[in-house]
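# Structure at a glance
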Amino acid sequence: MATLLDDGSWDVQGRRLQFPVRITAATAAFATYLVRTARAGSLVSGTGLELVSVAGRTPLFLGFVTYRAGDLDSYHEVAVAFLARHRGRVGPYIHQLPVTQTFTMEAGRALWGLPKWLARAELDITGRDATCHLTDDADRHVLTAALRTLPWRIPLTIPGALTALAPRGDTVLISRVRAKVGGIRFGVRGATAVLGSGHPMADELRAVGLPRRPVATLTAEHLEFDMAAAVAVPR
């Protein structure tokens, strides 16, 4: 149970979270696909969001993150996100976000409107390779994937920022994220995926054209970020 306190902080499972919420150590891997906007459009219907589209295609991001330290503890996470637009802002609309711990699930839902749900995920992100086996808490197969990048590592830590978009009721929650990413490797078309059957996340991915080869892949040996309080704006 998450409760908003008078000073703007939150109580989640008896623990207090203040903004910005900090993640201090994580590893991550992402694959970027271009899917037909017309196929993906139903997934944002009624949200107030508009998919970013170029030549009828919208970027879809499939992400794997292992959180090792931070305010939300350690856990695994798998993400399905689309690049979307709302009132002039462009950022990721995270459509599916299975996680492996209840604390981060409750915090993510309450603080930022993120669609976190409890799952079982086996992730291994090492160097240029990443693997994922995802099932729901009833052990239904959702996704098995393997991702690879080129071997060359960028020897820099790169700062960045993004705006996460999350529909909630008659509003859209706008959340600012500031990050530092290190140990980055890029790849081209280096991922394979096998989808389960009968699970909503797998069925949605199949409906937009997966499994297929991505246009790009990325792994990051070190990820840290701060996430600010969400601001609700009208649809």
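Along each chain, the written sequence defines residue order, and numbers are assigned to residues from 1. Local features are withheld for residues below a pLDDT of 70 in this predicted model, meaning they are given only at 70 or higher, and side-chain atom pairs are given and counted only at 80 or more; totals for whole chains, interfaces and linings count all residues. Hydrogen atoms and water are omitted, and side-chain values are computed over all heavy atoms in the structure.

## Focus: the overall build of the protein chain
Keep this limit in mind: Per the convention used, a helix needs a DSSP run of H or I reaching at least four residues, while a strand needs a run of E reaching at least two, with both numbered from the N terminus. Radius of gyration here is computed from C-alpha atoms only, and the compact-globule reference equals 2.2 Å multiplied by the residue count raised to the power 0.38. With a 1.4 Å probe rolled over the protein chains alone, any residue whose accessible area is under 20% of its type maximum counts as buried; one over 50% counts as exposed, and the rest are partly exposed. For this analysis, residues touch if any pair of their heavy atoms sits within 4.5 Å.
Check the secondary structure of the protein chain and you find 3 helices and 16 strands. For 235 residues, the compact-globule formula gives about 18 Å, and the C-alpha radius of gyration of the protein chain, at 17 Å, lands near that figure. Dimensions along the principal axes, computed over C-alpha positions, put the protein chain at roughly 50 × 40 × 40 Å. By the burial criterion, 47% of the 235 residues in the protein chain qualify as buried. Once local pairs closer than 6 in sequence are excluded, the contacts in the protein chain between residues at least 24 apart make up 65%.

## Things to note about the environment of Leu218
In this fold, Leu218 is placed in strand β15 (residues 216-227). Placed 91 residues apart in sequence, Leu218 and Gly127 show a C-alpha to C-alpha distance of 10 Å. Among residues more than four places away in sequence, those in contact with Leu218 are Ala28, Ala29, Phe30, Leu147, Thr149, Ile184, Arg185 and Phe186.

## Comments concerning helix α3 (residues 200-207)
Which entries qualify depends on this criterion: Each C-beta atom gives one direction from the helix axis, and the arc is the one those directions make.
Restricting attention to buried positions, one finds in α3 the residues Met201, Ala202 and Leu205. Viewed along the axis of α3, the buried residues span an arc of 100 degrees, placing them on a single side of the element. Backbone geometry just after α3 places Gly209 at a positive phi near 115 degrees.

## Considerations on the environment of Arg178
Relative to the helices and strands, Arg178 is located in strand β13 (residues 171-187). Judged by its relative accessible area of 54%, Arg178 is exposed. Separated by 174 residues in sequence, Arg178 and Leu4 place their C-alpha atoms 23 Å apart. Beyond its immediate stretch of four places on either side in the chain, Arg178 contacts Gly160, Ala161, Glu224, Phe225 and Asp226.

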